[in-house]
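Fold and geometry: a report
Here are the chains, one letter per residue:
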Amino acid sequence: MAESPRVLSIQSHVVFGYVGNKSATFPLQVLGFDVDPLNSVQFSNHTGYATVKGQALTEKELGDLVDGLVANKLDYYTHLLTGYIATSSFLLKIADLVKHLKRVNPNLIYVCDPVLGDNGKLYVPEELVPLYKNVITPLADILTPNQFEAELLTERKIYNLDDAQQAIEVLHKMGPKTVVLSSTDLGNEKILLGIASTKLEGVNEEFIIDIPKIPAMFTGTGDLFAALFLAWMHKSKYSLKDSLEKTVATMQAVLKKTFSSVQGKTEINENHTSYFILIPTCPAYSTIHVCTSNCSSGKNSNLLFINNYCSTINK
C-alpha cells in the first residue's frame, strides 16, 4: 500500500487574506495530503499593509511544539514545507528540525520556499540571507525561489536566460536536486518565464514555461506555488514536466478567478481571494521549452510541448 502523504507546513498565518499557511494548507488537503500547519507568525494581515499586528513564534516555542510531537510519536512526515521565517534563531531551529525529521523518515522530502523578498526588496532581516545560503539550502530537496531570491542566494545578477541557468546550476551544487524559479523578469509584457531543473538518478532535465501575465498585483502566490509543486511532484512520481504544467495551470485558474472577482473594486491590487479553484475548467494552454542536455549552457532544444491542461490536470 502506498504511503499516505503527510506534510508539516511551517510558514506564516494571517487572519485576513491568503498568504503562507492560509494559501498552502487547503490546496494540499484538497489534493489528498494530510497537513499539519505550524505558524511561524500570526499576523492580522500580510506585511504589504501600512499596519501589521500580531505575534511571531520563538525558537523555544517551536521547540516546545516539536517536543510534543516527538513525545507522542507524531513526528513522522513524508514532506516538510517551509515558507516565511522572521528571525535567524527560528531558522536555525528549522535546520535542526529538518535533520531530526530525516532521521525519523530518511525518505522525507524537504520543500523550501526561501521567502526573502521580491522585486529587489527584502521582506526579512538581511542576516537571514547567509543562513539560507549556507545552512538551509544544502538541506533542501526542492527549492522554489523567485528571481530576486535566486540572485541573493547565488550572489549573481540574472539578466537573461543563460544567467538564470547558471544560477540554477549554482543552487544545485549547494544541495537541492530540484530547483524551480517560480517567476522571473525574463519574459516580456505579456508573459513571465518559470524555469525548473532537476538532477535525479543521473537524469538532468530543464523546462522553461511561459506564464501569461495578469494585470494585477497578488500576494501569497509563491506560497501557493510551492504547495502545489510539492503536491504534483508527489502525485506525478516526480515528473518535473507534469508537475510544472499542473502547478502553473492551477495557479492561472486561481489568479484569473481572483482577478475577475475584484473587477470594478477600487483596491484591485489587493488579493481579495475568498476561495480556490483547484481544477481548471479549461482554456489554459502554455508552451514549455524542454532542455534535456547541455541545460546549463543555455542551449535549449527546439522541442516544444503544447499541452491542454484540462486533459492532464486530473491524472
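These numbers come from a predicted model, not from an experiment.

**What to know about the confidence of the model for the protein chain**
Averaged over every residue, the pLDDT of the protein chain is 84; the share at 70 or more is 83%. In this model residues 266-315 is a low-confidence stretch, pLDDT under 50, and it forms 120 contacts with partners more than four residues away in sequence or in other chains.

**Observations regarding the environment of Gly17**
Turning to its location among the elements, Gly17 is positioned in the loop between β1 (6-14) and α1 (21-30). Since its relative accessible area comes to 13%, Gly17 is described here as buried. On a C-alpha basis, the gap between Gly17 and Gly220 in space is 8.7 Å, while along the polypeptide they are 203 residues apart.

**Examining the pattern of salt bridges**
All chains considered together, the criterion is met by 7 salt bridges. Put simply, Lys199 and Glu169 hold a salt bridge, and the shortest N to O gap is 3.4 Å. Of this pair, Lys199 sits in strand β10 (residues 191-200) while Glu169 sits in helix α6 (residues 161-174); the two residues are 30 residues apart in sequence, bridging distant segments of the chain. Two residues, Glu245 and Lys241, come together in a salt bridge whose shortest N-O distance is 3.1 Å. With Glu245 and Lys241 both in helix α8 (residues 240-261), this residue pair falls 4 residues apart, about one helical turn. Judged on exposure class, the residue Glu245 and its partner Lys241 are both buried.

**Here we look at the packing of helix α3 (residues 88-104) against helix α4 (residues 128-136)**
Between α3 and α4, the shortest axis-to-axis distance is 10 Å and the interhelical angle comes to 10°. In terms of orientation, α3 lies roughly parallel with respect to α4. Residues Ser88, Leu91, Leu92, Ile94 and Ala95 of α3 form the contact with α4, whose participating residues are Leu128, Leu131, Tyr132, Val135 and Ile136. By residue class, the composition of the contact of α3 with α4 is 9 nonpolar, 1 polar and no charged.

**Some details on the layout of surface pockets**
When its volume is computed, the second largest pocket comes out at roughly 360 Å³. Along the walls of the second largest pocket sit 18 residues, with His79, Asn107, Ile109, His234 and Tyr238 positioned nearest its centre. For the lining of the second largest pocket, the element with the most residues is helix α7 (residues 221-235), which contributes 3 residues. Here the lining of the second largest pocket is built from residues that sort into 7 nonpolar, 6 polar and 5 charged.

**Regarding the packing of aromatic side chains**
One pass over the structure, following the stated rule, counts 2 aromatic pairs. Plain terms: the ring middles of Phe16 and Tyr49 are 6.5 Å apart, the flat faces sit at 85° to each other, and that makes the pair edge-to-face. Taken together, the positions of Phe16 in the loop between β1 and α1 and Tyr49 in the loop between β2 (34-43) and β3 (54-56) put the pair 33 residues apart, joining distant regions of the chain. Residue Phe16 is classed as partly exposed on the basis of its relative accessible area, which comes to 44%. Aromatic pair Phe225 and Phe229: ring centres 6.2 Å apart, planes at 10°, arrangement stacked. With a gap of 4 residues between them, Phe225 and Phe229 both fall in helix α7, about one helical turn apart. Take Phe225: its relative accessible area is 5%, and that puts it in the buried class. By relative accessible area, Phe229 is classed as buried at 0%. A cation over a ring is seen here: Arg6 above Tyr77, with NZ or CZ 4.1 Å from the ring centre.

**Describing the pairing of β10**
Of the strand pairs in this sheet, strand β9 (residues 178-184) and β10 are connected by 5 bridges, and their pairing is antiparallel. Note on β10: the bridge partner recorded for Thr184 is Leu193. Two successive antiparallel strands, β9 and β10, enclose a turn made up of 6 residues. Relative to strand β11 (residues 203-212), β10 runs antiparallel, the two sharing 10 bridges. Across the sheet, Gly194 pairs through a bridge with Ile209, a residue of β11. Hairpin geometry of β10 and β11 is characterised by an intervening segment of 2 residues between the two adjacent antiparallel strands and by a positive phi of about 50° at Glu201.

Cut-offs applied
Residues numbered from 1 in each chain as written. Predicted model: local features only at pLDDT ≥ 70, side-chain atom pairs only at ≥ 80, totals over all residues. Heavy atoms only, no water. pLDDT = per-residue confidence, 0-100. Contact = heavy atoms within 4.5 Å. Helix = DSSP H or I, 4+ residues; strand = E, 2+ residues; numbered from the N terminus. Buried < 20%, exposed > 50% of the residue type's maximum accessible area, 1.4 Å probe, protein only. Salt bridge = Lys/Arg side-chain N within 4 Å of Asp/Glu carboxyl O. Axes fitted to C-alpha atoms, helices over the stretch in contact; angles between N-to-C directions. Parallel < 35°, antiparallel > 145°, perpendicular 65-115°, else oblique. Nonpolar A, V, L, I, M, F, W, Y, C, P; charged D, E, K, R; others polar. 1 Å grid on protein atoms, 1.4 Å probe; cavity = no way out; pocket = protein on both sides within 12 Å on 5 of 7 lines; lining within 4 Å. Points joined across faces, edges and corners; volume = space filled by probe spheres on them. Phe/Tyr/Trp six-rings, centres within 6.5 Å; stacked < 30°, edge-to-face > 60°. Lys NZ or Arg CZ within 6 Å of the ring centre and 35° of its normal. Pairing = 2+ DSSP bridges.

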